[in-house]
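Single-letter residue listing:
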Amino acid sequence: RLFKQEGTCYQQVKRVLHAAVPDRLHGRERETGIIRQFLREHVGGRRPGSLYVSGAPGTGKTACLSRVLLDCKDELAGSKTIVLNCMALSSPQGVFPAVGQQLGLPAAAGREGVRRLEKQLTARGPMVLLVLDELDQLDSKGQDVLYTLFEWPRLPASRLVLVGLANALDLTDRSLARLGAHPASGPRLLHFPPYTREQLTAILQERLGQVAGDTVLDAAALQFCARKVSAVSGDARKALDVCRRAVEVVELEVRSQTLLKPLPGGE
């Protein structure tokens, strides 16, 4: 009974420290604004185009895009939105049947499937927003898959807006050099830098501020965590994970101490 009472706050703290998409992303106001404006100009304005978002793991790429998609749900209602995580594909070429399935096309393998997709994406209809997370996974010999995807928005009468998210900063320079030959129609680049110590501290404080009652992790502990993580990676998910693990350790200690306490009214 005692642990159930004392352990409630730890459960709440662990919940808010999970890497869910928050209502507000600290330190990513600029990047969020750029993504929002890009979608409004291209999807809302019916202008095909592509955006390449780069940044190390845990720098907020997916969280920012997810937040914008939620916030702009009404604005995007007239278009078809497809979100794929390329880690789930068995091969780079698997992206084509996956997109075709989302568009309601009959299954077709190889070049025939790609031709059907191109025909569909250049026919009359609503704009198609294709979001490809973990784009690095589509690296292939000759980069045929990536070239094909980034060429689609440049096709005559295309209605595709492509947003790719990847860890590599130089993927377009290193693997898609031919796209640089047409800079005006090439992908727009947006880089997410690692979070700073101050930004990580603000993220942790904002999450913990959602829990009422006594503070479980004090300010010095948060500063220490933020300083260490920012020096190594600037990964917000890592900072959240470190704090969550710390709470779990304390929770276990409290549990063991509580089990040894006599119940009120006992001998």
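Within an unreviewed UniProt entry, the label attached to the protein reads CDC6 protein, and the organism entered is Alca torda. You can read under Sequence similarities (unreviewed entry) in the UniProt record for the protein the words "Belongs to the CDC6/cdc18 family."

For this particular structure, what's the right way to read the overall build of the protein?
In terms of regular secondary structure, the protein is built from 11 helices and 5 strands. Looking at the protein residue by residue over its 267 residues, the buried ones come to 44%. Across the protein, every contact between residues at least 6 apart in sequence was considered, and the portion connecting residues at least 24 apart equals 81%.

Could you clarify how one ought to interpret the packing of helix α3 (residues 29-44) against helix α4 (residues 61-71) in this entry?
The geometry of a pair of packed helices is captured by two quantities: the angle between their axes and the separation between those axes. Two elements in contact, α3 and α4, have axes whose closest approach is 10 Å; the angle formed by their N-to-C orientations is 50°. Considered as vectors, α3 and α4 are oriented oblique to each other. As for the relative orientation of α3 and α4, their crossing is right-handed in sense. Contact with α3, carried on its side by Thr 32, Ile 35, Arg 36 and Leu 39, involves Cys 64, Leu 65, Val 68, Leu 69 and Asp 71 of α4 and no other residues of that element.

Would you mind going over helix α9 (residues 197-208) with me for this structure?
Compared with an ideal rise of 1.5 Å per residue, which puts 12 residues at 16 Å, α9 spans 17 Å between its outermost C-alpha atoms and is within 8% of the ideal. By the burial criterion, the buried members of α9 are Leu 200, Thr 201, Ile 203, Leu 204, Arg 207 and Leu 208. The buried residues of α9 occupy an angular sector of 160° when projected down its axis, which confines them to one face.

How should I be thinking about helix α5 (residues 95-102) in this particular structure?
Quick reminder: α-helices carry 3.6 residues per turn. Residues three or four places apart thus point the same way. Within α5, burial applies to Val 95, Phe 96, Ala 98, Val 99 and Gly 100. Looking one or two places after α5, you find Gly 104, whose phi comes out positive at around 80°.

Explain the sheet that holds strand β3 (residues 128-133) to me, please; I cannot follow it from the model alone.
Hydrogen bonds between backbone groups are what pair the strands of a sheet, and the pairing can be parallel or antiparallel. Read across the sheet, 5 strands follow the order β2-β3-β4-β1-β5 without closing on themselves; strand pairing throughout is parallel. The strands lining the two open edges of the sheet, one partner per strand, are β2 (80-85) and β5 (188-192). With strand direction ignored, the average angle separating the axes of adjacent strands in the sheet is 15°. Relative to strand β4 (residues 160-166), β3 runs parallel, the two sharing 5 bridges.

In this structure, what is going on with the packing of aromatic side chains? I would like to understand it.
The description of an aromatic ring pair uses the distance of the two centres, along with the angle that the planes make with each other. Within the structure shown, the criterion is met by 1 aromatic pair. Lying across the ring of Tyr 195, Arg 28 places its NZ or CZ 4.1 Å from the centre.

Hey, could you run me through the packing of α9 against helix α10 (residues 219-232) in this one?
Between α9 and α10, the least distance of the axes is 8 Å, while the angle of their chain directions is 135°. The pairing of α9 with α10 is recorded here as oblique in orientation. The hand of the α9/α10 crossing is right-handed. Counted together, Arg 197, Leu 200, Thr 201, Leu 204, Gln 205 and Leu 208 of α9 and Leu 222, Gln 223, Cys 225, Ala 226, Arg 227, Val 229 and Ser 230 of α10 form the full contact between these two elements. A breakdown of the residues in the contact of α9 with α10 according to their chemical character gives 7 nonpolar, 4 polar and 2 charged.

Cut-offs and rules
- Residues numbered from 1 in each chain as written.
- Predicted model: local features only at pLDDT ≥ 70, side-chain atom pairs only at ≥ 80, totals over all residues.
- Heavy atoms only, no water.
- UniProt positions renumbered as here; feature names shortened; annotations may be inferred.
- Helix = DSSP H or I, 4+ residues; strand = E, 2+ residues; numbered from the N terminus.
- Buried < 20%, exposed > 50% of the residue type's maximum accessible area, 1.4 Å probe, protein only.
- Contact = heavy atoms within 4.5 Å.
- Axes fitted to C-alpha atoms, helices over the stretch in contact; angles between N-to-C directions.
- Parallel < 35°, antiparallel > 145°, perpendicular 65-115°, else oblique.
- Left-handed = near helix turned anticlockwise from the far one by under 90°.
- Expected span 1.5 Å × (residues − 1).
- Arc of directions from axis to C-beta.
- Pairing = 2+ DSSP bridges.
- Phe/Tyr/Trp six-rings, centres within 6.5 Å; stacked < 30°, edge-to-face > 60°.
- Lys NZ or Arg CZ within 6 Å of the ring centre and 35° of its normal.
- Nonpolar A, V, L, I, M, F, W, Y, C, P; charged D, E, K, R; others polar.

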